[in-house]
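A look at the structure
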Amino acid sequence: MVVASAIVFVTSLLIGALGIYIGARVIVGAGDYDHAIVTALIGAVVWAVVGYLVGWIPLLGPLLALLAYIAVIKFRYPGDWTAAAMIGLLAWVVVLAVLYALAAVGITGFDAIGVPGV
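Predicted, not measured: the structure shown is a model, and the values here were computed from it. (Residues numbered from 1 in each chain as written. Predicted model: local features only at pLDDT ≥ 70, side-chain atom pairs only at ≥ 80, totals over all residues. Heavy atoms only, no water.)

A few points about the overall build of the protein
A tally of helices and strands in the protein yields four helices and zero strands. The order of α-helices and β-strands along the protein, N terminus first, is α-α-α-α. The C-alpha atoms of the protein give a radius of gyration of 14 Å, which matches the 13 Å a tight globule of 118 residues would have. For the C-alpha atoms alone, the extent of the protein along its principal axes is close to 35 × 35 × 25 Å. A buried classification covers 31% of the 118 residues belonging to the protein. Considering only residue pairs separated by 6 or more positions, the protein has 53% of its internal contacts joining residues 24 or more positions apart. Accessible surface, the protein as shown: approximately 6,700 Å² in total, 77% of it carbon and sulfur. (Helix = DSSP H or I, 4+ residues; strand = E, 2+ residues; numbered from the N terminus. Rg over C-alpha atoms; globule rule 2.2 N^0.38 Å. Buried < 20%, exposed > 50% of the residue type's maximum accessible area, 1.4 Å probe, protein only. Contact = heavy atoms within 4.5 Å. Areas by Shrake-Rupley, 256 points an atom, 1.4 Å probe, with all protein chains shown as cover.)

Right, dumping it as structure tokens:
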């Protein structure tokens, strides 16, 4: 059970990092997958902590969690807040497409670690 959970965690993290990697590559030209993995992990932790602390507040809680996630991307990659938001949006779209394709062939469920909302 623990091994299966670890495999799901690592796979989800790698898919989330792929989204961030492609988003950062397209938006700011950054092309280091290892950096994207660390960013996805930090982003997932920050999202979870902020969501736990203020997620119960209607509308404001989820918005603060999203802002915290974008702040992680801004901190980890060059560019302004708009570039960070664009990286996050592109990461979300990429992960959504990858997970849809994997779920369509029955390989995985429809969730990933490191990109919120999927």
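Things to note about the confidence of the model for the protein
For the protein, per-residue confidence averages 89 on the pLDDT scale, and residues scoring 70 or more make up 91% of the total. Averaged pLDDT values for the elements of the protein fall to 88 in helix 1 (residues 2-27) and rise to 95 in helix 3 (residues 60-76). (pLDDT = per-residue confidence, 0-100.)

Re the side chain of T39
With respect to the element layout, T39 can be found in helix 2 (residues 33-54). The residues touching T39, leaving out its near neighbours within four places in the chain, are I20, V72, I73, R76 and Y77.

Looking at the packing of helix 1 against helix 4 (residues 81-104)
Following both chains from N to C, one finds helix 1 and helix 4 inclined at 135 degrees, their axes separated by 7 Å at the closest point. Relative to helix 4, helix 1 is oriented oblique. With respect to the hand of their crossing, helix 1 and helix 4 are arranged in right-handed fashion. Every residue of helix 4 that contacts helix 1 at I15, G16, L18, G19, I20, I22, G23, A24, V26 and I27 is listed here: A83, M86, I87, L90, A91, V94, V95, V98, L99 and L102. For the contact of helix 1 with helix 4, a count of residues per class yields 17 nonpolar, three polar and no charged. (Axes fitted to C-alpha atoms, helices over the stretch in contact; angles between N-to-C directions. Parallel < 35°, antiparallel > 145°, perpendicular 65-115°, else oblique. Left-handed = near helix turned anticlockwise from the far one by under 90°. Nonpolar A, V, L, I, M, F, W, Y, C, P; charged D, E, K, R; others polar.)

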